[in-house]
Amino acid sequence: MILIVTPNPALDLTYTVPDFRPHTGHRVTEVAAQAGGKGVNVARVLAALGRPALTVLPLGGPTGTAVRTDLDACALPYRAVPIAGETRRTVAVVDRTDATLLNEPGPALTGPEWAALRAEVAALLPSAGVLVLSGSLPPGLPRDAYAELVTLARTHGVPTVLDADGPALTAALAAGPTVVKPNATELRAATDLADVPAAAAALRAAGAGTVIASLGPDGLFALTPDGAWRCAPPTAVTGNPTGAGDSAVAAIAAGLLGGATWPAVLPDAVALSAATVLAPRAGRFDPDAYHRFRSTTTARAVARPAG
């Protein structure tokens, strides 16, 4: 079972606006709402792949109730930790080629609420094969909150996949996460290095086991204890990129659970990401495109960065 922690879930609202332009009025052609947050997106993809997953998330207020309702309707297994604050919302405005995101910060978690969430994770870890830590930390949590969970997972011998940025990422490195998956912007912010291989090497030197960097249309760069690889989609795709990185995390977690090699995992992650861009909402992917991309995507070994 893959255990997923989503400390800052959301109700995701998607507005379709075919010719979106800032600073003017628009008519929305379609509105969709679903339970969201990066970890929930990961869980949706794993469910579609037939992989067992369980999400732990704090929920509160009417928006939290709406998130519960959607999770139940979609039969996504979860454990909710009740909180006093109101679960946040996010808005994605999707046009013909891209998306504009508006992310609320989320409710502050109190000390007892964080302790309850941590205790829920501790109780579930003995039955987990992989722990995924995904998304931003809500206000009120210590910057080393993910580090605490990585350390907890290590005591149970459970590998971890961390998808976070800023202090939540850098503070967790010393705890030794098995995999971290920053995008290019997050990688540069964490290291002050523009060169992707050098920046990945810096994160490994700080404690990460494997660094898999999302490079948008250029695919992934992976620096692992066994080597370095690049993997790109076979063709350029346009659409809604929201959740593409979460699909890559789902593939990485599934690969760890199944003991797959990185040259096998990376093409799966790239194919899922590209197929997600072609889907209308985060946490979904075009299955035909996924299988088509997967059959023609390969990972290419490259030289490890010096140092």
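An account of the accompanying structure is given in this report. Since we're looking at a predicted model, the values are computed, not measured. (Residues numbered from 1 in each chain as written. Predicted model: local features only at pLDDT ≥ 70, side-chain atom pairs only at ≥ 80, totals over all residues. Heavy atoms only, no water.)

## With respect to the packing of helix α6 (residues 184–191) against helix α7 (residues 196–206)
Okay, step 1: It is at 9 Å that the axes of α6 and α7 come closest, and there the two elements cross at 60 degrees. By the angle class used here, α6 and α7 are oblique. Read as a crossing pair, α6 and α7 show a hand that is left-handed. In this structure, α6 contributes Leu187, Ala190 and Thr191 to the contact, and α7 contributes Val196, Ala199, Ala200, Ala202 and Leu203.
Okay, step 2: Taken together, the residues of the contact of α6 with α7 sort by class into seven nonpolar, one polar and no charged. (Axes fitted to C-alpha atoms, helices over the stretch in contact; angles between N-to-C directions. Helix = DSSP H or I, 4+ residues; strand = E, 2+ residues; numbered from the N terminus. Parallel < 35°, antiparallel > 145°, perpendicular 65-115°, else oblique. Left-handed = near helix turned anticlockwise from the far one by under 90°. Contact = heavy atoms within 4.5 Å. Nonpolar A, V, L, I, M, F, W, Y, C, P; charged D, E, K, R; others polar.)

## Considerations on the nonpolar core
Okay, step 1: Membership of the largest hydrophobic core comes to 45 residues, with the highest contact counts inside it found for Leu3, Val121, Leu131 and Tyr146.
Okay, step 2: Each residue touching leucine 3, except ones within four places of it in the same chain, is listed here: Leu54, Val56, Val121, Leu124, Leu125, Ala128, Val130, Leu131 and Val132.
Okay, step 3: Counting residues in each nonpolar core, the second largest holds 36 residues, with Val132, Ala253, Ala254 and Phe285 among its members. (Core = buried A, V, L, I, M, F, W, Y, C linked by side-chain atoms within 4.5 Å. Buried < 20%, exposed > 50% of the residue type's maximum accessible area, 1.4 Å probe, protein only.)

## Structural notes on the layout of surface pockets
Okay, step 1: Here the largest pocket is characterised by a volume of approximately 1200 Å³.
Okay, step 2: Pro241, Thr242, Gly243, Ala244 and Gly245 are the residues nearest the centre of the largest pocket, which is lined by 49 residues in total.
Okay, step 3: Of all the secondary structure elements, the ones that give two or more residues to the lining of the largest pocket are β2 (10–16), α1 (38–48), β6 (88–94), β7 (99–103), α8 (244–258) and α9 (262–277).
Okay, step 4: Tallied by class, the residues present in the lining of the largest pocket amount to 18 nonpolar, 21 polar and 10 charged.
Okay, step 5: Its volume calculated, the second largest pocket comes out at about 170 Å³.
Okay, step 6: Within the residue set of the lining of the second largest pocket, elements represented by two or more residues are β2 and β3 (30–36).
Okay, step 7: Per-class residue counts for the lining of the second largest pocket are six nonpolar, six polar and four charged. (1 Å grid on protein atoms, 1.4 Å probe; cavity = no way out; pocket = protein on both sides within 12 Å on 5 of 7 lines; lining within 4 Å. Points joined across faces, edges and corners; volume = space filled by probe spheres on them.)

## Description of unusual backbone geometry
Okay, step 1: Positioned with a positive phi, histidine 23 is a non-glycine residue whose angle comes to about 65 degrees.
Okay, step 2: As for its position among the elements, histidine 23 is in the loop between β2 and β3.
Okay, step 3: Of note, aspartate 192 is a non-glycine position whose phi angle comes to about 60 degrees, a positive value.
Okay, step 4: Here aspartate 192 shows up in the loop between α6 and α7.

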